Amino acid sequence: MPSCKDFLRELSDYLDECLDPSTRQELDRHVQECPSCWVVLDTTKRTLKIYKGCEPQAVPTDLEDRLMAALQKRMAEKKSPS
Amino acid sequence: MTDTEPPSDEQLVDLARNGDDGAFSELVKRYNRRILRVARNITNNAEDSEDVLQETFLKAYTHLDRFEGHSKFYTWLVRIAMNEALMKLRKRKTGKVVSLDEELSTGDDTVTREIAVWDGNPEDQFSQHELRELLDQTVSSLPDGFRTVFILRDVEELSTEETADMLGLSIPAVKSRLLRARLQLREKLTRVFKKKGENAFAFL
Ligand SMILES: [Zn+2]
């Protein structure tokens, strides 16, 4: 039976589903019987979920304008190399 | 290409390579906000991240013929942005240690002091704006070596191999840093989101 420390050590691979089936089964069993590891697993899952679900902020208009202007300059240089 | 479906990245890259600058601008519009986020998250500096954003797309435009299509276009862009961002980060930290390629020792590497369930769904309790602010501030508090790995793996969703390759780290190093980054973020967010949490933003 893995300990809590073992569970934590494997937590990333457990979440990324890259453990061999027998290790995974042992950890499944641990987490069913250990409330603290269950909470750590649940809150880590939710941590990843909100990071992945967070839409990036729009690029501020003035910054986007500067970017497009710099790009257009580069495009013009490419078309007519001096 | 049909009227209803937007062109794929591959189609736009093909067009851009054949001199269609409008197609390249389309790619910029498609990805500029994500590249700015990577730049911000890695450099932790507003001015640097704006430079990184611009440099990334200028380099991508200039070297588009070097993109070989082995990876996704976005992964290729992130690689350019990472190189630029890491250079900025190192420049800012001259004299200080940038611990990107050395082993990070944190003593107890799997800290779980906060064991508390969360109070409902943070997505329902905070606005997108508040949540984004909170997530950004939290991730920016991680050590550079953890933050970079977390951003590439869990935010940009690159593979362990791509992340290792981009940062010049071994696969075990990426995995161990990712685990510690995830646990540290979990710890910090739990302090905010746990049940009966009063003064939720106090830790910032
Ligand atoms: Zn346990």
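1. A short note on the overall build of chain A
No. 1: Helices and strands together make up the secondary structure of chain A, namely 4 helices and 0 strands.
No. 2: In summary, chain A has a C-alpha radius of gyration of 24 Å against a globular reference of 12 Å for 82 residues, an excess of more than 25%.
No. 3: Referenced to the eigenvectors of the C-alpha coordinate spread, the extents of chain A come out at roughly 70 × 25 × 15 Å.
No. 4: Looking at chain A residue by residue over its 82 residues, the buried ones come to 41%.
No. 5: Taken as a whole, chain A presents about 4900 Å² of accessible surface, with 51% of it coming from carbon and sulfur.
No. 6: If you average the places of the 13 positive and of the 15 negative side-chain charges in chain A, the two averages end up 7 Å apart.

2. Regarding the overall build of chain B
No. 1: Across its full length, chain B holds 9 helices and 0 strands.
No. 2: Counting from the amino terminus, chain B carries its helices and strands in the arrangement α-α-α-α-α-α-α-α-α.
No. 3: Counting every position in chain B, which comprises 204 residues, the buried fraction comes to 48%.
No. 4: Considering only contacts in chain B between residues 6 or more positions apart, those separated by 24 or more positions represent 70%.
No. 5: Accessible surface, chain B: about 10100 Å² in total, of which carbon and sulfur atoms supply 46%.

3. Thoughts on the side chain of Glu187 of chain B
No. 1: One can find Glu187 of chain B in helix H9 (residues 171–193).
No. 2: At 3.2 Å, the side chain of Glu187 of chain B and the side chain of Arg186 of chain B are in polar contact.

4. A short note on the coordination of the zinc ion
All names here are of chain A.
No. 1: The coordination sphere of the zinc ion, as far as protein atoms go, consists of Cys4 (SG), His30 (NE2), Cys34 (SG) and Cys37 (SG), spread over 2.0 to 2.3 Å.
No. 2: Classification of the site at the zinc ion as tetrahedral follows from its 4 donor atoms and the range of 101 to 114° in their angles at the metal.
No. 3: Mapped onto the sequence, the donors of the zinc ion take the spacing C-x25-H-x3-C-x2-C. Of this pair, Cys4 sits in helix H1 (residues 4–15) while Cys34 sits in the loop between helix H2 (21–33) and helix H3 (35–53), and the two are 30 residues apart along the sequence.

5. Concerning the interface of chain A and chain B
No. 1: Contacts between the two partners involve 41 residues from chain A, matched on the other side by 49 residues from chain B.
No. 2: Of the roughly 4400 Å² buried at the junction of chain A and chain B (both faces included), carbon and sulfur atoms supply 61%.
No. 3: If you sort the residues of chain A by the area they bury against chain B, Ile50, Tyr51 and Leu67 of chain A come out on top, with a joint share of 16%.
No. 4: Taken together, the connections running from chain A to chain B amount to 7 salt bridges.
No. 5: Applying the counting criterion to the chain A and chain B interface returns 15 residue pairs in polar contact (both at pLDDT 80 or more).
No. 6: Counting residues per element, the ones that place at least two in the side of chain A that touches chain B are H1, H3 and helix H4 (61–79) of chain A.
No. 7: Looking at which element gives the most residues to the side of chain A that touches chain B, the answer is H3 of chain A, with 14 residues.
No. 8: For the side of chain A that touches chain B, a count of residues per class yields 21 nonpolar, 7 polar and 13 charged.

6. Considerations on the packing of H1 of chain A against H9 of chain B
No. 1: Viewed as axis vectors pointing N to C, H1 of chain A and H9 of chain B meet at an angle of 100°, and their least axial separation amounts to 9 Å. In this view, H1 of chain A runs roughly perpendicular relative to H9 of chain B, as classed from their interaxial angle. Within the contact between the two elements, H1 of chain A uses Leu8, Arg9, Leu11, Ser12, Asp13 and Leu15 of chain A and H9 of chain B uses Lys175, Leu178, Leu179, Arg182 and Leu183 of chain B.
No. 2: Classifying every residue of the contact of H1 of chain A with H9 of chain B gives 6 nonpolar, 1 polar and 4 charged.

7. A look at the domain arrangement of chain B
Residue and element names in this part refer to chain B.
No. 1: Taken domain by domain, chain B comprises domain 1 (9–91) and domain 2 (108–195).
No. 2: The gap between the C-alpha centroids of domain 1 and domain 2 is 24 Å.
No. 3: Each partner contributes to the interface: domain 1 provides 13 residues, whereas domain 2 provides 15 residues.
No. 4: Approximately 1300 Å² of surface area, both sides summed, lies buried where domain 1 meets domain 2, with 57% of it carried by carbon and sulfur atoms.

8. Examining the packing of H4 of chain A against helix H3 (residues 46–62) of chain B
Two packed helices can be described by the angle between their axes and the distance between those axes.
No. 1: Closest axis-to-axis distance for the H4 of chain A/H3 of chain B pair is 10 Å, and the angle between their directions is 25°. Here H4 of chain A lies roughly parallel to H3 of chain B, going by the angle between them. In this structure, H4 of chain A crosses over H3 of chain B, and the sense of that crossing is right-handed. Mapping the contact onto sequence places Leu63, Arg66, Leu67, Ala70, Leu71, Arg74, Met75, Lys78 and Lys79 of chain A in H4 of chain A and Glu50, Leu53, Gln54, Phe57, Leu58, Tyr61 and Thr62 of chain B in H3 of chain B.
No. 2: Taken together, the residues that form the contact of H4 of chain A with H3 of chain B break down as 9 nonpolar, 2 polar and 5 charged.

Thresholds applied
Residues numbered from 1 in each chain as written. Chains lettered and ligands numbered in written order. Predicted model: local features only at pLDDT ≥ 70, side-chain atom pairs only at ≥ 80, totals over all residues. Heavy atoms only, no water. Helix = DSSP H or I, 4+ residues; strand = E, 2+ residues; numbered from the N terminus. Rg over C-alpha atoms; globule rule 2.2 N^0.38 Å. Buried < 20%, exposed > 50% of the residue type's maximum accessible area, 1.4 Å probe, protein only. Areas by Shrake-Rupley, 256 points an atom, 1.4 Å probe, with all protein chains shown as cover. Lys, Arg positive; Asp, Glu negative; His and termini not counted. Charge placed at Lys NZ, Arg CZ, Asp CG, Glu CD. Contact = heavy atoms within 4.5 Å. Polar contact = N/O pair within 3.5 Å; in protein donor to acceptor, adjacent residues only side chain to side chain. Donors = N, O, S within 2.8 Å, 3.2 Å for Na, K, Ca; no water. Tetrahedral: all angles 85-135°; square planar, octahedral: opposite > 155°, others 65-115°. Buried area = accessible area lost by both parts, 1.4 Å probe. Salt bridge = Lys/Arg side-chain N within 4 Å of Asp/Glu carboxyl O. Nonpolar A, V, L, I, M, F, W, Y, C, P; charged D, E, K, R; others polar. Axes fitted to C-alpha atoms, helices over the stretch in contact; angles between N-to-C directions. Parallel < 35°, antiparallel > 145°, perpendicular 65-115°, else oblique. Domains from an automatic or database assignment. Left-handed = near helix turned anticlockwise from the far one by under 90°.

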